[in-house]
Amino acid sequence: MSIIKLHDLYFKPYINEDEIAATVKHLANQVQRELPQDEVPIFVGILNGCFLFAADFIREYHGNCEVSFVKLSSYSGTSSTENVKQLVGINEDLTGRTVIILEDIIDTGNTLQQIYNIFRNKNLKQLKVVTLFFKPDVFKKELPIDYIGKSIEDKFIIGYGLDYNGLGRNYPTIYQLTTPPKMKNIVLFGPPGAGKGTQAEFLKEMYNLVHISTGDVFRFNIKNATDLGLLAKKYMDEGDLVPDEVTINMLKAEVEKNPKANGFIFDGFPRTQSQAEALDDFLAEKGEQINGMVALEVPEDILVTRLLERGKTSGRTDDTDEAKIRNRFNEYNTKTAILKDYFEEQNKYYGVNGVGSIADITKRIAEVFDKL
């Protein structure tokens with residue numbers, strides 16, 4: 001998962017879908033265990049934020065129940081306000097009923113206080129409160145909270161029903177407010193012979209970025225017999241593909257060597273969607289992101305001609321056999337080109353015409369860089 005921007009703020013991944021699902025299931029099971037078997041509770045969700053939590057919770061509750069909602073509002077921007085308004089109330093007769101409040105998040109307790117005020121004169125059998133998230137550091141009220149899914153620090157979060165000025169509710173994971181990314185990180189992409197290495201050399205000087213070439217990283221680690229290099233060589237000697245984890249750890253080590261970098265040009269990495277996801281996760285942990293994938297787009301026949309010409313002087317045997325060259329393109333198209341879809345879904349894919357002089361292609365890429 002990568003950093004996202006909503007309005008003027010940036011948010012980093014915080015709690016993933018699996019952890020949310022496990023927490024919701026645990027809460028539902030806990031509530032069910034503590035209620036009498038013949039009890040038919042009425043679950044009351046607090047809108048707008050709890051709609052996803054309430055839906056998932058009720059699906060995990062394997063017993064008879066009723067469901068209703070009340071709409072309250074206490075947020076302005078990223079701050080919980082003191083002024084809580086009841087917008088939509090409860091119409092059901094709740095006399096003698098067990099009411100269980102479902103809240104997405106409890107922080108200062110102002111909304112919770114209003115909830116208790118609403119139900120004080122409803123002649124309930126009992127009132128219980130379930131919250132998915134709880135911020136103990138800012139909770140101001142002497143009010144009971146019966147079930148807490150996860151206690152979190154006092155930082156603004158969005159996703160899974162929670163929003164920032166209307167946006168973010170639809171994300172299935174929870175994101176936490178973070179500082180704006182400082183680096184410009186680019187994935188330079190393209191098939192064999194597209195000229196990635198040549199362009200990377202120009203671009204790293206123009207934008208003061210660190211160029212990380214997967215090939216160079218592998219050769220360095222193997223030549224210097226690092227732990228990762230020895231591990232990679234073991235797989236290669238046995239004719240096996242180097243696992244993603246080994247490749248990713250090599251790239252992480254290169255990034256860590258340059259903590260003050262303005263950003264990175266990733267050349268030859270990622271090659272698969274799993275590598276792209278791992279790179280997003282790694283950068284997000286550092287409060288950074290991939291700004292864009294810049295892809296050099298060149299017709300295959302032109303690339304074949306380029307590589308055959310290069311093979312006359314490069315000494316690379318795989319550049320002298322057209323059948324082998326086209327097989328490399330097939331490998332690229334079936335495995336690596338899927339990354340185009342991955343980055344397009346994030347609105348981070350930028351195709352650049354890779355035909356022309358080196359200077360012309362550099363100028364085209366620079367026009368994209370300047371917008372990122």
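Everything numeric here is computed off the predicted structure, so don't read it as measured data.

(A) Fine view of the environment of Val217. Residue placement: Val217 occurs in helix α5 (residues 214–223). Classification of Val217 as buried rests on a relative accessible area of 4%. Counting along the chain gives 34 residues from Val217 to Leu251, while the straight-line C-alpha distance between them is 7.5 Å. Apart from residues no more than four positions distant in its own chain, Val217 is found in contact with Ile212, Met250 and Glu254.

(B) Representation of the sheet that holds strand β12 (residues 210–213) in the model. As summarised here, the arrangement of the 5 strands in space is β12-β13-β11-β14-β15, forming an open sheet in which the pairing is parallel. A single partner strand is all that each edge strand has here, and the edge strands are β12 and β15 (349–353). Between one strand axis and the next, the sheet turns through 25° on average, direction left out of account. Of the strands in this sheet, β11 (186–189), β12, β13 (264–267) and β14 (292–297) are in contact with helix α4 (residues 196–207), which crosses β13 at around 175°. On top of the sheet, α5 reaches β12 and β13; it is set at about 70° to β12, its chief contact.

(C) View of the pattern of salt bridges. The tally for this structure, following the rule as stated, stands at 17 salt bridges. In this structure, Arg59 engages Asp56 in a salt bridge whose closest nitrogen and oxygen atoms are separated by 2.4 Å. Here Arg59 and its partner Asp56 are both found in helix α2 (residues 51–60), 3 residues apart, which amounts to about one turn of the helix. Residue class for Arg59 comes out exposed when judged on its relative accessible area of 57%. Taking the relative accessible area as the measure of exposure, Asp56 reaches 24% and is therefore partly exposed. The partner of Lys135 in a salt bridge is Asp154, with the nearest N and O atoms 3.7 Å apart. Of this pair, Lys135 sits in the loop between β7 (126–134) and β8 (147–151) while Asp154 sits in the loop between β8 and β9 (157–158), and the two are 19 residues apart along the sequence. Given the relative accessible area of 3%, Lys135 is considered buried. Counted as one network, the salt bridges with shared partners bring together Glu300, Asp301, Glu322 and Arg326.

(D) Quick peek at helix α10 (residues 322–336). With 15 residues, α10 ought to run about 21 Å at 1.5 Å a step, and its terminal C-alpha atoms sit 20 Å apart, in line with that. Ile325, Arg328, Phe329, Tyr332 and Thr336 are the residues of α10 that are buried. Buried residues in α10, looked at end-on, bunch into an arc of 100°, giving them a common side. Residues of α10 that are exposed and point over 90 degrees away from its buried face: Ala323 and Thr334. As for α10, its buried residues are in contact with β11, α9 (300–314) and α11 (338–345).

(E) Representation of the packing of aromatic side chains in the model. Overall, the coordinates contain 11 aromatic pairs when judged by the stated rule. Both rings, one in Phe134 and one in Phe139, keep their centres 5.3 Å apart while their planes meet at 75°; by these two values the pair is edge-to-face. Per residue, the accessibility class of Phe134 equals that of Phe139, and both read buried. Each ring, one from Tyr342 and one from Phe343, has its centre 5.2 Å from the other, and the planes form 90°; the classification is edge-to-face. Overall, Tyr342 belongs to the buried group, its relative accessible area being 10%. Relative accessible area serves as the criterion here: at 1%, Phe343 is assigned to the buried category. Through pairs of rings, three or more aromatic residues link up here, namely Phe43, Phe53, Phe57 and Tyr61. Note that Lys234 overlies the ring of Tyr235, its terminal NZ or CZ placed 5.5 Å from the centroid.

Reading the values: rules and limits
Residues numbered from 1 in each chain as written. Predicted model: local features only at pLDDT ≥ 70, side-chain atom pairs only at ≥ 80, totals over all residues. Heavy atoms only, no water. Helix = DSSP H or I, 4+ residues; strand = E, 2+ residues; numbered from the N terminus. Buried < 20%, exposed > 50% of the residue type's maximum accessible area, 1.4 Å probe, protein only. Contact = heavy atoms within 4.5 Å. Pairing = 2+ DSSP bridges. Axes fitted to C-alpha atoms, helices over the stretch in contact; angles between N-to-C directions. Salt bridge = Lys/Arg side-chain N within 4 Å of Asp/Glu carboxyl O. Expected span 1.5 Å × (residues − 1). Arc of directions from axis to C-beta. Phe/Tyr/Trp six-rings, centres within 6.5 Å; stacked < 30°, edge-to-face > 60°. Lys NZ or Arg CZ within 6 Å of the ring centre and 35° of its normal.

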